[in-house]
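Observations on the model geometry
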Amino acid sequence: MTPVATTFHTPHRVGHRRSTSEPPAVRWLLIGVALAFMALFLVLPLVFVFSQAFAKGIGFYFKTLNDPNAWSAIKLTLTAAAIAVPLNCVFGVCAAWAIAKFDFRGKNILLTLIDLPFSVSPVIAGLIYVLVFGAQGWLGLKFPQFADWLTDHNFNVIFAVPGIVLATIFVTFPFVARELIPLMQAQGRTEEEAARVLGASGWQTFWRVTVPNIKWGLIYGVILCNARAMGEFGAVSVVSGKIRGQTNTIPLHIEALYDDYNFTGAFAVASLLAFLALITLGLKTWVEHKNAALNEIELSK
Amino acid sequence: MASKLFRSRKNSVLPGFRLTLGFTLFYLGLIVLIPLAAVFWKTSTLTWAQFWQTITMPTAMASYRLTFGASFLAALVNAFFGLIVAWVLVRYEFFGKKIVDSLVDLPFALPTAVAGITLASLYGQNGWIGQLLTPLGIKVANTQIGIFIALTFIGLPFIVRTVQPILEDLDPELEEAAASLGANRWQVFWRVILPMLTPALLTGFALAFARALGEYGSVIFIAGNIPMKTQITPVIIMGELDMFDYGKATAIAVVMLVVSFVLLLSINVLQWWTNRYNTTNLA
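Below you will find a few notes about this structure. (Residues numbered from 1 in each chain as written. Chains lettered and ligands numbered in written order. Predicted model: local features only at pLDDT ≥ 70, side-chain atom pairs only at ≥ 80, totals over all residues. Heavy atoms only, no water.)

It is worth spelling out the overall build of chain B at this point. Helix and strand content of chain B: 14 helices and 0 strands. Counted from the first residue to the last, chain B has its helices and strands arranged as α-α-α-α-α-α-α-α-α-α-α-α-α-α. Across its three principal directions, the C-alpha atoms of chain B cover 70 × 65 × 35 Å. Across the 283 residues in chain B, those meeting the buried criterion constitute 54%. When the accessible surface of chain B is totalled, it reaches about 13300 Å², and 67% of it is carbon and sulfur. Each charge class in chain B can be summarised by its mean position, and for the 18 positive and 13 negative side chains these summaries are 10 Å apart. (Helix = DSSP H or I, 4+ residues; strand = E, 2+ residues; numbered from the N terminus. Buried < 20%, exposed > 50% of the residue type's maximum accessible area, 1.4 Å probe, protein only. Areas by Shrake-Rupley, 256 points an atom, 1.4 Å probe, with all protein chains shown as cover. Lys, Arg positive; Asp, Glu negative; His and termini not counted. Charge placed at Lys NZ, Arg CZ, Asp CG, Glu CD.)

Below, the structure is given as structure tokens:
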């Protein structure tokens with residue numbers, strides 16, 4: 001019992017360590033465990049992709065990427081992303097505007113429904129479009145004329161490009177909305193209301209007040225949405241039919257090469273997507289950094 | 001009914017409520033709700049006996065056990081290591097911390113097919129890690145261990161990113177109070193810090209578990225997909241689809257969807273709990 005009294009009277013400290021931190025040994029052990037785990041599970045696979053991609057030299061690498069099937073896969077992936085990302089962007093802005101700027105009943109249900117695609121397995125995401133548009137699908141049974149009209153105009157959805165685009169839209173559906181809704185809810189509606197009272201039209205308010213405010217959140221959502229759109233495998237795999245040179249996206253082309261035991265080729269194409277992932281992480285960090293700096297300026301005002 | 005449900009409660013000077021909500025509901029219905037409803041429409045074309053027989057066939061039952069077991073174990077391992085990673089990133093300073101912090105999101109950013117072929121080759125017999133494990137008699141590729149590894153890979157960011165913000169906001173005074181009352185560091189962690197992190201840890205665990213249940217791309221290459229042994233449930237659905245047996249595929253999809261919806265509901269409850277904990281701390 002006596003030590004309590006003595007420490008009270010003697011002002012010098014026994015150790016330099018604060019009572020709310022760990023001994024250095026524990027600290028280094030934890031850092032070591034965390035870094036070892038990350039190295040094994042994240043860094044090693046990343047290094048492996050690039051080392052395998054160039055295993056047969058740079059000539060083979062560019063030969064693989066220059067193949068017509070590879071080009072067609074790259075084009076299809078870019079097309080699907082170019083349609084899915086802007087559409088989900090418009091949706092995200094609309095949903096966030098309605099949810100953040102207005103009060104209405106059923107808002108929580110709507111929020112849950114928007115998140116729904118994230119909790120659905122990619123394979124099921126593809127399956128649902130097969131059930132709607134595929135052979136003996138819902139559309140053909142309920143609206144035979146419309147289905148016939150589509151067939152007559154050579155517009156196939158399943159095992160064709162439109163199905164791939166739809167599946168991509170589904171799996172990337174919540175990304176932009178998810179970033180914008182909490183952001184716009186936190187920002188409230190006072191700035192927009194002020195603009196309106198001062199005589200700005202609805203569009204002027206949106207472009208000059210809202211867009212500058214949500215710019216970074218929007219960019220952030222687009223980056224994540226795009227990464228997933230270009231990398232989606234399961235959902236696209238169900239609806240694509242995997243016709244080489246026609247309905248293969250980059251991930252499906254990787255699978256095709258891998259199944260042919262052309263491992264170096266598969267990793268060469270995979271290195272494109274791994275590179276995209278690194279760019280995504282870099283941009284994401286940059287936007288977060290920008291955003292944090294912006295928030296500090298806001299707070300100091 | 002719907003118009004009453006989604007009617008704005010008070011008049012606002014801001015325009016565009018009808019337009020934006022209208023488009024939101026239209027797009028949601030077209031892309032998500034109608035196609036998802038097709039699953040239940042397709043199921044209704046099966047008799048109850050057919051449905052039951054499909055979802056309880058031996059390969060499906062084995063796949064549920066495997067998918068649940070591997071997802072649970074992977075989420076558990078991630079909860080442990082994810083907590084350490086989050087702790088280290090929030091509390092300590094070390095060289096390269098910023099890069100490590102960005103790298104945590106790699107499993108989100110790296111397409112699943114790339115992760116799949118990489119893990120399969122890395123842990124294959126001739127792979128960098130497989131080579132080291134083979135002499136020890138450990139086989140990872142084409143076994144259930146491989147599935148567990150792939151699910152651990154994709155689950156890590158969920159735990160780190162749910163625990164990290166809560167850990168950052170923890171009030172140091174609570175730890176100081178505990179320490180001044182004579183608690184040692186381990187007691188402070190076990191009795192003060194960990195209970196406050198529990199809701200976030202559980203949320204992260206549930207998110208990682210839910211993601212793992214539906215995962216396809218990163219698993220199929222390393223799993224080998226041997227019936228009754230290493231076939232996860234999405235692979236069973238894929239197999240039925242390849243045979244154009246849409247009824248069977250849909251029946252198993254219904255099982256997965258129901259589990260996902262229950263999980264989604266529990267995650268919402270957990271998140272509400274996490275936030276409540278947070279606001280009481282602030283007050």
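Before going further, it helps to spend a moment on the nonpolar core. By size, the foremost hydrophobic cluster in this structure holds 181 residues, and its most contacted members are Ile114(A), Phe170(A), Ile254(A), Ile31(B), Tyr123(B) and Ile237(B). Here this core gets 16 residues from one element, more than from any other, and that element is helix H4 (residues 68-101) of chain A. The contact partners of Ile237(B), leaving out residues within four places of it in the chain, are Val123(A), Ile124(A), Ala249(B), Ile252(B), Ala253(B) and Met256(B). (Core = buried A, V, L, I, M, F, W, Y, C linked by side-chain atoms within 4.5 Å. Contact = heavy atoms within 4.5 Å.)

The partner chain B presents 88 residues to the 92 residues of chain A that form the contact. Together, the buried faces of chain A and chain B total about 8300 Å²; carbon and sulfur atoms form 81% of this surface. The residue Lys284(A) makes a salt bridge to Asp105(B) at a minimum N-O spacing of 2.5 Å. For the pair chain A and chain B, the interface holds 11 residue pairs in polar contact (both at pLDDT 80 or more). Per-element tally for the side of chain A that touches chain B: the top contributor is helix H2 (residues 24-53) of chain A, with 20 residues. Considering only residue class, the side of chain A that touches chain B consists of 61 nonpolar, 18 polar and 13 charged. (Buried area = accessible area lost by both parts, 1.4 Å probe. Salt bridge = Lys/Arg side-chain N within 4 Å of Asp/Glu carboxyl O. Polar contact = N/O pair within 3.5 Å; in protein donor to acceptor, adjacent residues only side chain to side chain. Nonpolar A, V, L, I, M, F, W, Y, C, P; charged D, E, K, R; others polar.)

The next thing to look at is unusual backbone geometry. All names here are of chain B. Positive phi is not limited to glycine here, since Asn225 has a value of about 55°. Tracing the backbone shows Asn225 in the loop between helix H12 (217-223) and helix H13 (233-242). On the accessibility criterion, Asn225 (25% relative accessible area) is partly exposed. For Phe244, which is not glycine, the phi dihedral falls at a positive 60°.

Side-chain pairing between opposite charges can occur once the charged atoms of the two side chains come close. Considering all chains together, one arrives at 16 salt bridges over all chains under this definition. Between Arg211(B) and Glu215(B) there is a salt bridge; the shortest N-O distance is 3.0 Å. We classify Arg211(B) as partly exposed; its relative accessible area is 23%. Relative accessible area serves as the criterion here: at 2%, Glu215(B) is assigned to the buried category. Taken together, the shared-partner salt bridges in this structure form one network comprising Lys284(A), Glu288(A), Asp101(B), Asp105(B) and Arg161(B).

That is the geometry; function is a separate question.
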